Structure formats: C-alpha cells, structure tokens
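Breakdown of the fold
Single-letter residue listing:
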Amino acid sequence: MNLFGTIYDKIIAWSKHKYAAYWLSFLSFIEAIFFPIPPDVMLIPMAMSKPHHATKYAIYAAVASVVGGVIGYGIGYFAFDWVKDLISSWGMQAHFEQAMEWFKTWGVWIVFLAGFSPIPYKVFTICAGVMQMAFFPFVITAAISRFARFFLVAKLSAWGGEKYADKIRRSIELIGWGTVAVAVVAYIIYQLLK
C-alpha cells in the first residue's frame, strides 16, 4: 500500500504552490489554537525545495504561530469554560492537566520549552490564558521559542535540500509505517502503565 508516498507527494506539491507561504502561515496560525497538524509538515518540504527561501518561510511560520498563540491565550483567559469540553473531545485532557502542572512549577519558562515540545502547542497557549500568565512575558517567550524552532527546522531542511527529499521519498513507506507502529506500541504501553 502506497499510503505515505501519496501523502508525501501531495505535501511536496503543496509546498511548491505559489501560495504555499500563505498556507504555511495559515497552518501555523491555526495549529497554535486548535489544529492537530504541526506546520513542520509544510515547512520542511518548502525549505528543502527552495533552500534560499528557508529563512523567509521560518519567519512566516513563527509570526503566524505567535499570533495564533495570542488567540489561544485569549481563549484560555476569557472562554475556558466554553472550550474545556473541546479539550476533552480532542483527547488532550491528559496533556492539558500535565501542562497545567508544569505551568505551576515552571511558570513562563514552560512556554519557552513548549515551543520545542512534542505536546501540541495549543495546549500551552490555552493553559497560559487559563493560568492568567502575564501577557507580555508569554508573548516574548512564545516568540523566542517559536522563532528558534522554525529557524532550526527550516535551516536543517534547507541544508539537506532536494537530495534528501529524494532519499526520504524512497523510504517514506518504511518511515510512515514505522512511525505508526511506534505510536501504537507507545499508546499500548501508556494504557498498561495507567
């Protein structure tokens, strides 16, 4: 079954579209609020296919993510009662509770670390609002972490360039199904340890 190859080819095609930078910005914006797919899935192939634009793409992704993070913060601050059921329906209740504990322990530093965390960024933006974290430290740390992350991802992707895009394409089924297998095993282990 060529499932991941088809998805990969679509993402590569989207990354070369004339409006790709706008789609990347939109994806970064909504990912910081509610969307489950990180913008890296577009940023990486965009930077690989056009390495000379990698810095520009990283800036688009970072700015949009910070703006989306401000919206997420506002949701947590002003409308948390309205969205708490959504967090549960997204299956992120455990992530949310863990993030709340981290906020209590680490304060503003957790926003910085969240920019690099595998836990969805939206969890941290909404938590920051719920915890009524000081707004300007939130924005500053969010900006630093998101710019650092997207610059790192874009520059590493640009460094690899087209030659790695071809190598990834040849191995994408193995990578995709291997990732699914690891996720399933991790989920089973997590359920057994609960």
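Reading guide: rules and limits
- Residues numbered from 1 in each chain as written.
- Predicted model: local features only at pLDDT ≥ 70, side-chain atom pairs only at ≥ 80, totals over all residues.
- Heavy atoms only, no water.
- Salt bridge = Lys/Arg side-chain N within 4 Å of Asp/Glu carboxyl O.
- Helix = DSSP H or I, 4+ residues; strand = E, 2+ residues; numbered from the N terminus.
- Buried < 20%, exposed > 50% of the residue type's maximum accessible area, 1.4 Å probe, protein only.

Looking at an unreviewed UniProt entry, one finds the protein named DedA family protein and attributed to Haemophilus sputorum.

1. Observations regarding the pattern of salt bridges
As enumerated under the stated definition, the model contains three salt bridges in all. In this structure, Arg149 engages Asp40 in a salt bridge whose closest nitrogen and oxygen atoms are separated by 2.6 Å. One end of the pair, Arg149, is in helix H8 (residues 135-193); the other, Asp40, is in helix H3 (residues 40-49), and 109 residues separate them in sequence. According to the relative accessible area criterion, Arg149 is buried, its value standing at 15%. Taking the shortest distance from any N to any O, the salt bridge between Glu101 and Lys104 comes out at 3.7 Å. In this pair, Glu101 and Lys104 are both assigned in helix H5 (residues 93-106), three residues apart and thus about one turn of the helix distant. On the accessibility criterion, Glu101 (43% relative accessible area) is partly exposed. Lys104 gets classed as exposed once you look at its relative accessible area, which sits at 56%.

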